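What follows is each chain in one-letter form.
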Amino acid sequence: LSSPCKMKLNNANDQYAIYCSTSHGPVFGGGDDLYTSGSNVDLNIGHTYECGPSTQLNEGFSYTIKEMEVFQVTSKPAPLQDPRKK
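Heads up: these notes are all about the structure in this document. (Residues numbered from 1 in each chain as written. Predicted model: local features only at pLDDT ≥ 70, side-chain atom pairs only at ≥ 80, totals over all residues. Heavy atoms only, no water.)

1. Thoughts on the sheet that holds strand E2 (residues 25–28)
And step 1. Strands sit in the order E1-E2-E3-E4-E5 across an open sheet of five strands; the sheet is antiparallel. Two strands bound the open sheet, and with one partner strand each, they are strand E1 (19–21) and strand E5 (62–64). Neighbour-to-neighbour, the strand axes of the sheet open up by a mean angle of 30°, direction not taken into account.
And step 2. Judged from the three bridges that link them, strand E4 (residues 40–43) and E5 form a sheet pairing that is antiparallel. Across the sheet, residue Asp42 finds its bridge partner in E5, namely Ser62. (Pairing = 2+ DSSP bridges. Helix = DSSP H or I, 4+ residues; strand = E, 2+ residues; numbered from the N terminus. Axes fitted to C-alpha atoms, helices over the stretch in contact; angles between N-to-C directions.)

2. Remarks on unusual backbone geometry
And step 1. The phi angle at Asp32 is positive, at roughly 50°, despite the residue not being glycine.
And step 2. Within the secondary structure, Asp32 sits in the loop between E2 and strand E3 (34–37).

3. Some points on the pairing of E3
Consecutive side chains of a regular strand alternate in pointing toward one face of the sheet and then the other.
And step 1. Burial along E3 is one-sided: Leu34 and Thr36 are buried, and none of Tyr35 and Ser37, which face the opposite way, are.
And step 2. As judged from the two bridges shared by E2 and E3, these two strands associate in the antiparallel manner. Residue pairing in the sheet places Phe28 in a bridge with Leu34 of E3.
And step 3. Between E2 and E3, which pair antiparallel and follow one another directly, the connecting turn spans five residues, one of which, Gly29, has a positive phi of 100°.
And step 4. As judged from the four bridges shared by E3 and E4, these two strands associate in the antiparallel manner. Note on E4: the bridge partner recorded for Ser37 is Asn40.
And step 5. The hairpin turn running from E3 into E4, its antiparallel successor, is two residues long, and Gly38 in that turn takes a positive phi close to 65°. (Buried < 20%, exposed > 50% of the residue type's maximum accessible area, 1.4 Å probe, protein only.)

No statement about biological role is implied by the geometric values presented.
Right under this line is the structure:
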């Protein structure tokens with residue numbers, strides 16, 4: 001792949017959007033849409049995530065990876081209040 005891409009969830013409230021597997025590490029999707037296996041990333045897209053913008057990101061592909069970063073995005077927490085100000 002020449003550049004990163006963002007894949008949308010079919011259901012924004014899917015409880016299996018991402019979970020941690022003791023045998024695979026991070027797994028994306030209840031149908032194991034994207035998961036790691038050693039130094040490989042395997043794709044089975046279309047269960048929890050929409051198919052990608054390229055056929056390279058659809059079902060049945062496997063890629064060897066050099067490194068992987070996974071980020072969790074959460075809502076912004078309320079600002080902390082300074083206890084000296086009342």
